[in-house]
Amino acid sequence: MKGHVEINAMVSSRGLTTTQPLFSFGLISDVQYADIPDGRSFLGVPRYYRHSILVLQRAVKEWNTHQKHMFVINFGDIVDGFCPKDQSLGTVQKVVDEFEKFKGGPVYHMIGNHCLYNLPRSQLLPLLKIRSLDGRAYYDFSPVPEYRFVVLDAYDISAIGWPQDHPKTLEAMKILREKNPNENMNSPDNLVGPERRFVMFNGGLGKEQMEWLDGVLLDATILNQKVIVCCHLPLDTGAANLDTLLWNYDEVMNLIHRYNCVKACLAGHDHIGGYSIDSHGIHHRVFEAALECPPGTSAFGYIEVYDDRISLIGTDRLESTDMHFSPRS
Ligand SMILES: [Zn+2]
């Protein structure tokens, strides 16, 4: 791939365009490591809890070999909910340490439901180096002047991760009780279509985070930046199983659609992966999970970012995807 990059570095004969990426970054999702025997999901899909850290190790090795990635993004669920609770702290640290072996730059983490089954926000966020006030886990960063990354906190309003009497837990329980008739509210039984997302293992963005997102998108528009949104939970019905969507995905997308700056929304959580282009031309890519790779196989990749597209180059079970858009934001 090194030669490929160098050849592409040439400017066209007219000198108008270049196909050299502005930058690239590594990515992986749903490592969900635990030092426990292999198991199965609720639906019977095999899960390889011990193997998943080997997938991460291979990923870091590849990213380091490539040598050009500016950073890495972990799309959440770093440790599985079945991890024995007395091992949670050490296990999260162990996986974070593997990520830290990436030599090219920072690793940006986001929180998933499985992270929150293991540790409360107050312990989790410092381990993931998410600097925040009051347990908030959303942030943005701009690796080059032309691009801004927005990392959302999908469990801002959630029944997991906050203290039981926290206003956000109460707000989440109210939503769940209104929407989900099941005794076990992790079950989407009796829920139809996108309503299936109202389960306890999902969550939503609160008012304050929505206002923050609005402000970031406005600022990016003023600065003529293209935006890539990263969220543990998928944001489009075409890209994911309906029971994995963010509770207020519709509200978030309505806000995003008021601007032209967002070019792609990237997510994890739905282990099978998916891809769609929504009615406004925004790309939605959900990444295949590292956890569900049978021994010897992998799922990780990197994205090359250009002015008019992002190219996902996947390894093994993570499919490659070229996502084109108008270079004007
Ligand atoms: Zn998840």
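Numbering of residues starts from 1 in each chain and follows the order in which that chain's sequence is written. Confidence filtering applies because this is a predicted model: local features only for residues at pLDDT of at least 70, side-chain atom pairs given and counted only at 80 or more, and all residues used for totals across whole chains, interfaces and linings.

1. Notes on unusual backbone geometry
Phase 1: Positive phi is not limited to glycine here, since Asn224 has a value of about 60 degrees.
Phase 2: Where helices and strands are cited, they refer to DSSP runs of H or I of at least four residues and of E of at least two residues respectively, numbered from the N terminus. On the secondary structure map, Asn224 appears in the loop between α7 (207-222) and β8 (226-231).
Phase 3: Residues with at least 20 neighbouring C-beta atoms inside 10 Å of their own are called buried, those with 12 or fewer are called exposed, and the rest are partly exposed, where every C-beta is derived from the backbone. Here Asn224 falls in the exposed class, since 11 other C-beta atoms lie within 10 Å of it.
Phase 4: A positive phi angle, close to 60 degrees, is found at Asp316, a residue other than glycine.
Phase 5: Summarising the element assignment, Asp316 is placed in strand β13 (residues 309-316).

2. Examining the nonpolar core
Phase 1: Each nonpolar core reported here comprises buried Ala, Val, Leu, Ile, Met, Phe, Trp, Tyr and Cys residues connected via C-beta atoms within 7 Å. Of all hydrophobic cores here, the largest spans 94 residues; its most connected members are Leu27, Val229, Cys230, Cys231 and Ala290.
Phase 2: A pair of residues counts as a contact when their C-beta atoms, built from backbone coordinates, are within 7 Å of each other. What Cys231 contacts, discounting residues up to four positions off in sequence, is Leu152, Ala154, Leu246, Cys265 and Ala267.

3. Let's talk about the UniProt feature "domain: Calcineurin-like phosphoesterase" (unreviewed entry) in the protein
Phase 1: UniProt positions are given in the numbering used here, feature names are shortened, and annotations may be inferred rather than shown by experiment. The sites that UniProt annotates as "domain: Calcineurin-like phosphoesterase" (unreviewed entry) are residues 25-272.
Phase 2: Here residues 25-272 is 32% helix and 15% strand, with 22 Å between the C-alpha atoms at its ends.

4. Quick notes on the sheet that holds β8
Phase 1: One open sheet accounts for 6 strands, arranged β6-β7-β8-β9-β11-β10; its pairing is mixed. Each edge of the sheet is formed by a strand with only one pairing partner; in this case those strands are β6 (139-144) and β10 (274-277). On average, each strand axis in the sheet is tilted by 15 degrees relative to the strand beside it, whichever way the strands run.
Phase 2: Two strands make a pair as long as DSSP finds a minimum of two bridges between them. Two elements, β8 and strand β9 (residues 262-267), share 5 bridges in a ladder whose sense is parallel. Bridged to Cys231 within β9 is Ala267. Every angle, taken between N-to-C directions, lies between 0 and 180 degrees, and every axis is a line fitted to C-alpha atoms, over only the stretch in contact when it is a helix.

5. Section: the pairing of strand β4 (residues 71-74)
Phase 1: Note: strand β1 (residues 23-28) against β4, 4 bridges, orientation parallel. Paired with Leu27 across the bridge in β4 is Ile73.
Phase 2: Here is how to tell: hold the view so the strands point away, follow the path from the first strand over the helix to the second, and if it runs clockwise the crossover is right-handed. Taking the sense of rotation as the criterion, the β-α-β connection linking β4, helix α3 (residues 88-100) and strand β5 (residues 107-109) turns out right-handed.

6. What about the packing of helix α2 (residues 52-66) against α3?
A pair of packed helices is captured by two measures, namely the crossing angle of their axes and the spacing between those axes.
Phase 1: Closest axis-to-axis distance for the α2/α3 pair is 9 Å, and the angle between their directions is 20 degrees. In terms of their interaxial angle, α2 and α3 are classed as roughly parallel. The crossing of α2 and α3 is right-handed. Across from Ile53, Leu56, Gln57 and Val60 in α2, the residues of α3 making contact are Val95, Glu98 and Phe99.
Phase 2: In the scheme used here, Gly and all other residues not listed as nonpolar or charged are polar, with Ala, Val, Leu, Ile, Met, Phe, Trp, Tyr, Cys and Pro taken as nonpolar and Asp, Glu, Lys and Arg as charged. Of the residues contributing to the contact of α2 with α3, the split by class is 5 nonpolar, 1 polar and 1 charged. Working rule for angles: under 35 degrees goes down as roughly parallel, over 145 as roughly antiparallel, 65 to 115 as roughly perpendicular, anything else as oblique. Helix crossings fall into two classes, left-handed where the near helix is turned counterclockwise from the far one by less than a right angle and right-handed where it is turned clockwise.

7. A few points about α2
Phase 1: How far a helix is expected to stretch is found by multiplying one less than its residue total by 1.5 Å. The terminal C-alpha atoms of α2 lie 21 Å apart, and with 15 residues this matches the ideal 21 Å at 1.5 Å per residue to within 8%.
Phase 2: Residues of α2 that are buried include every one of Ser52, Ile53, Val55, Leu56, Ala59, Val60 and Trp63, and no others. Down the axis of α2, the buried side of the element spans an arc of 150 degrees, and every buried residue falls inside it. Exposed residues lying more than 90 degrees from the buried face of α2 are Lys61 and Thr65.
Phase 3: Close packing links the buried residues of α2 with β1, β4, α3 and β12 (299-305).
Phase 4: A positive backbone phi angle near 70 degrees is found at Gln67, which sits one or two residues after α2. The directions from the helix axis to the C-beta atoms are what the arc is built from.

8. Here we look at α7
Phase 1: For α7, which comprises 16 residues, the first-to-last C-alpha distance of 23 Å matches the rise-based estimate of 22 Å (1.5 Å per residue) to within 8%.
Phase 2: All buried positions along α7 are accounted for by Leu213, Val216, Leu217 and Ala220. Buried residues of α7, viewed axially, fall in a sector of 95 degrees; they line one side. Exposed positions of α7 whose direction lies more than 90 degrees from the buried face are Lys207, Glu208, Glu211, Gly215 and Ile222.

9. Points about the sheet that holds β13
Phase 1: Pairing is mixed across the open sheet formed by 6 strands, whose spatial order is β5-β4-β1-β12-β13-β14. Looking at strand neighbours, the two that pair on one side only are β5 and β14 (321-324), the edges of this open sheet. When the angles between neighbouring strand axes are averaged without regard to direction, this sheet yields 20 degrees.
Phase 2: Bridging between β1 and β12 involves 5 bridges; their strand directions are antiparallel. Across the sheet, Gly26 pairs through a bridge with Tyr302, a residue of β12.
Phase 3: Strands in contact with α2 are β1, β4, β12 and β13; relative to β12, the strand with the most contacts, it is inclined by about 30 degrees.

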